[in-house]
Amino acid sequence: MTRIKRGCIARRRRTKIRLFASSFRGAHSRLTRTITQQKIRALFSAYRDRGRQKRYFRRLWITRINAAIRGNLVYYSYNIFIHNLYKKQLLLNRKILAQIAILNINCLSMISTEIIK
């Protein structure tokens, strides 16, 4: 029986992994075992932080809306403002409200006065 040379298949697999880890530092981009470990770790961190990013942006938007509302002195707090938004059935999400609070605070005060009526 002839000898099977499988170097090209293994090399192709390793180079594919190395391309993923080419920007890593030190042994994390050179040694095959540590490359595979770091690849698993990097993909897991990316998966975990996609959920965290959504959470952090929502916190940021809420903070911006709350600061704008308290500075405007129309409402005392964020939760009363959001509660009255839902009661009046004004469908504005927090991202849009935060952008309005930053770019055009007069528009936010108009929205809040409409809610009070």
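Computed from a predicted model, the values in this text were never measured in an experiment.

(A) Highlighting a positive patch on the surface. A cluster of like positive charges, contributed by R6, R11, R13, R14 and R18, occupies part of the molecular surface. Within the element layout of this structure, R11 appears in helix α1 (residues 7-20).

(B) Local environment of the side chain of S109. Its location among the elements puts S109 in helix α5 (residues 105-116). With relative accessibility at 19%, the residue S109 sits in the buried group. At 2.6 Å, the side chain of S109 and the backbone oxygen of N106 are in polar contact.

(C) Main features of the UniProt feature "transmembrane region" (unreviewed entry) in the chain. Feature annotation in UniProt places "transmembrane region" (unreviewed entry) on residues 56-76 and 96-116, given in this structure's numbering. A helix fraction of 95% and a strand fraction of 0% characterise residues 96-116, whose end C-alpha atoms lie 20 Å from each other.

(D) Examining the pattern of salt bridges more closely. Considering all chains together, one arrives at two salt bridges under this definition. Between D49 and R48 there is a salt bridge, with the nearest N and O atoms lying 3.2 Å from each other. Taking the relative accessible area as the measure of exposure, R48 reaches 33% and is therefore partly exposed. Given a relative accessible area of 30%, D49 falls into the partly exposed group. In this structure, a network of salt bridges that share partners links the residues R48, D49 and R52.

(E) Representation of the packing of aromatic side chains in the model. Here the structure, examined in full by the defined rule, presents two aromatic pairs. Between F20 and F24, the ring centres sit 6.2 Å apart and the planes meet at 85°, which makes this aromatic pair edge-to-face. By relative accessible area, F20 is classed as partly exposed at 35%. For the ring pair F57 and W61, a centre distance of 6.0 Å and an interplane angle of 40° mean the geometry is tilted.

Conventions adopted
Residue numbering note: each chain is counted from 1, following its sequence as written. Given that the model is predicted, a residue must reach a pLDDT of at least 70 before its local features are reported, and side-chain atom pairs must reach 80 or more before they are shown or counted; all residues, however, enter totals for whole chains, interfaces and linings. Working from all heavy atoms in the structure, the side-chain values ignore hydrogens and water. Like-charged residues within 9 Å of one another, or nonpolar side chains (Val, Leu, Ile, Met, Phe, Trp, Tyr) within 5 Å, are grouped into patches, provided each residue has over 30% relative accessible area and no salt bridge. Note on areas: Shrake-Rupley, 1.4 Å probe, and residue coverage restricted to the protein chains presented here. Salt bridges are defined as contacts in which a side-chain nitrogen from Lys or Arg sits within 4 Å of a carboxyl oxygen from Asp or Glu. Under this rule, positive means Lys or Arg and negative means Asp or Glu; His and the chain ends count for nothing. Lysine's charge is taken at NZ, arginine's at CZ, aspartate's at CG and glutamate's at CD. Only runs of H or I of at least four residues qualify as helices and only runs of E of at least two qualify as strands under DSSP, and these elements are numbered from the N terminus. Only protein chains enter the calculation, and the probe is 1.4 Å; a residue is then buried if its accessible area is under 20% of its type maximum, exposed if over 50%, and partly exposed in between. Any N or O atom pair separated by 3.5 Å or less is treated as a polar contact, with the protein-specific requirement of one donor-capable and one acceptor-capable atom, and with residues adjacent in sequence counted only for side-chain atom pairs. UniProt positions are given in the numbering used here, feature names are shortened, and annotations may be inferred rather than shown by experiment. Each aromatic pair joins two rings of Phe, Tyr and Trp (for Trp, the six-membered one) with centres within 6.5 Å, and gets the label stacked for planes under 30 degrees apart, edge-to-face for over 60, and tilted for any other angle.

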